[in-house]
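Descriptive structure summary
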Amino acid sequence: MPIIICQNPRYLATGDSYRTRAFSYRVGHATVAVIVKEVAVAIWTALVEETMPVPQMEDWRAIAAGFQERWDFPNCVGAIDGKHVVIQAPANSGSLYFNYKSTHSLVLLAVVDAQYLFRVVDVGGFGRSSDSGSLRNSAFGESLRDGSLQLPPDTVIPGAERLGLLPHVFVGDEAFPLLDNLLRPFPGRHLTRERRLFNYRLSRARLVVECAFGILSSQWRMLRRVITTSPEVTELCVKAACVLHNFLRRRTIGRPSRTPIAEST
């Protein structure tokens, strides 16, 4: 029982090979492979409803309020980006997993809120796909296009009443398309002051997803190594790491900082 409980979290946290895990617990590496897969499924099944439920309209409103308060970007319901999870090239896969960084990878497409929590994840996109292609081929991208995400209705932004009703949007980088509910920066270098300010504000809000990926990789160091398992098991492990990330983050949100603050005299 202790082996079954500890084996998968240790694998996620260290990224050690199956054989290293097997030597540590004195079991066969084939046994470790079975345990890692089964526990990853169990972690996802047990935690996904608690830590990453499907957002409803009120959840989107709360996310937008968080971005307005923390990052000064109104009507933003999430920052979106893709992360390449480096893997060993699967047998007979050709160039499916070969990405622009000259490695083989699966794509983790994620929507993150203002508190660095993953609200939507889609894992398993081929490494050769761009962020735009991964979005287009994902269930989230399909829901975004057909308007079934239950986003809040268009609202007026305080201080910009002249613009009328504006939609709630996700923010991404230049790799994503410009849609009614998805914003990207203005392209080019010679921009007006207003456009440069917009790009600054959008980049400031979008960086939360980059930070979330950094936190995820620092906690679960499997993501910093070349993963040698099959794409199926890699997908299960990445999803398990995402819900564990949310589980740990939710326990620390709102907790006072341990850093002492000197009182002004």
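Residues numbered from 1 in each chain as written. Predicted model: local features only at pLDDT ≥ 70, side-chain atom pairs only at ≥ 80, totals over all residues. Heavy atoms only, no water.

For the record, the criterion: UniProt positions are given in the numbering used here, feature names are shortened, and annotations may be inferred rather than shown by experiment.
For the protein chain, the name recorded in an unreviewed UniProt entry is DDE Tnp4 domain-containing protein, with Pogonophryne albipinna as its organism. What UniProt states about the protein chain under its Subcellular location (unreviewed entry) heading is, verbatim, "Nucleus". The UniProt entry for the protein chain carries this comment under Cofactor (unreviewed entry): "a divalent metal cation".

**Observations concerning the environment of E50**
The line we're drawing: Strands here mean DSSP runs of E at least two residues long; helices mean DSSP runs of H or I at least four residues long; both are numbered from the N terminus. Categorising residues by exposure relies on relative accessible area from a 1.4 Å probe, with only protein chains included: less than 20% of the type maximum marks a residue as buried, more than 50% marks it as exposed, and the intermediate range marks it as partly exposed. Residues are treated as being in contact if the distance between any of their heavy atoms lies within 4.5 Å.
Residue placement: E50 occurs in helix α3 (residues 29-51). The class of E50 is exposed, set by a relative accessible area of 53%. It is 27 Å that separates the C-alpha atoms of E50 and A33, two residues lying 17 residues apart in sequence. When near neighbours in sequence (up to four residues on either side) are disregarded, E50 contacts F247 and R250.

**Some words on the packing of helix α2 (residues 18-25) against α3**
The cut-off we apply is this: Fitted lines through C-alpha atoms serve as axes, helices being fitted only where they are in contact, and the angles separating the N-to-C directions of these axes extend from 0 to 180 degrees. For classification purposes, an angle smaller than 35 degrees is called roughly parallel, one larger than 145 roughly antiparallel, one from 65 to 115 roughly perpendicular, and anything else oblique.
Where α2 meets α3, the axes come as close as 8 Å, and the angle between the chain directions of the two elements is 105 degrees. Viewed along their axes, α2 and α3 adopt a mutual orientation that is roughly perpendicular. Contact with α2, carried on its side by Y18, R19, R21 and A22, involves H29, V32, A33 and V36 of α3 and no other residues of that element.

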